[in-house]
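# Residue-level structural notes
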Amino acid sequence: MNEREFAEIVKNTKKTVLSAIGKNMAPRFYHAIDDAAQETYIRAYRALEKNSFKGDSSVETWLYAIARNESIRMNKKFLREEEKSKKVSTLFDETDGENYSSDSEDMEYMQEHISLLPEKYRDVLFLSSQGFNIYDISQKLGIASGTVKSRSARGKKIILENIRRESHERQ
């Protein structure tokens, strides 16, 4: 399969692929329609290169199925990202660190983001994630409790910005 042949397939099936995506992608994820279409054609191209298309149906029907599956896959991916963001926001609703989730996956995710912070924020949030309250953190780090609160708030804000940017870059 050469580029010209594939370009002809894309030209002839674009409406069908976009229709499949539109019908199967959740409306709130419509911002990713182009990504789903691109991924559909990448998957199709790779399959055609490997001679995986058996010809049991028309190319158009085959691409419709790929687009439908890709839309469903992207819906699931975006839902997982929304859930992850909600968990992070919930974790950050607590200011004293006592109600952080004990779920190891959540904690691992949070520790990963905390480790990227500048030291003064990282130290406060690390201790907070370990269950220490503001007073204990203040004593351990030798800083005022107001400083603990402000560094905690600023560190949380930085992490949320990083997560949002990371999520946006994936889309």
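Residues numbered from 1 in each chain as written. Predicted model: local features only at pLDDT ≥ 70, side-chain atom pairs only at ≥ 80, totals over all residues. Heavy atoms only, no water.

## Thoughts on the overall build of the chain
A count of helical and extended segments in the chain gives seven helices and zero strands. Helices (α) and strands (β) of the chain occur, in sequence order from the N terminus, as α-α-α-α-α-α-α. Within the chain, buried positions represent 35% of all 171 residues. For the chain, long-range pairs separated by at least 24 residues make up 64% of all intrachain contacts whose partners lie at least 6 apart in sequence. A total of about 10700 Å² of accessible surface is found on the chain, and carbon and sulfur atoms cover 48% of it. (Helix = DSSP H or I, 4+ residues; strand = E, 2+ residues; numbered from the N terminus. Buried < 20%, exposed > 50% of the residue type's maximum accessible area, 1.4 Å probe, protein only. Contact = heavy atoms within 4.5 Å. Areas by Shrake-Rupley, 256 points an atom, 1.4 Å probe, with all protein chains shown as cover.)

## Overview of the side chain of His-113
Residue placement: His-113 occurs in helix α4 (residues 104-114). In this structure His-113 comes out as buried when scored by relative accessible area, which is 4%.

## Comments concerning the confidence of the model for the chain
Across the chain, the average pLDDT comes to 84, with 85% of residues at or above 70. Looking across the chain, the model is least confident in α4, with a mean pLDDT of 74, and most confident in helix α1 (residues 3-24), with 95. For the stretch residues 94-102, pLDDT sits under 50, and the model shows 25 contacts to residues farther than four places along the chain or on other chains. (pLDDT = per-residue confidence, 0-100.)

## So, the pattern of salt bridges
Under the counting rule described, the total for this entry stands at three salt bridges. Among the ionic pairs, Glu-70 bridges to Arg-43, the shortest N-O distance being 2.8 Å. Note that Glu-70 is positioned in helix α3 (residues 59-92) and Arg-43 in helix α2 (residues 33-49), a separation of 27 residues in sequence. The shortest N-O distance in the salt bridge between Glu-70 and Arg-73 comes to 2.4 Å. A residue pair is termed a helical-turn pair when its members lie 3 or 4 positions apart in one helix, as Glu-70 and Arg-73 do in helix α3 at three residues. Given a relative accessible area of 34%, Arg-73 falls into the partly exposed group. Connected through shared salt-bridge partners, Glu-39, Arg-43, Glu-70 and Arg-73 make up one network. (Salt bridge = Lys/Arg side-chain N within 4 Å of Asp/Glu carboxyl O.)

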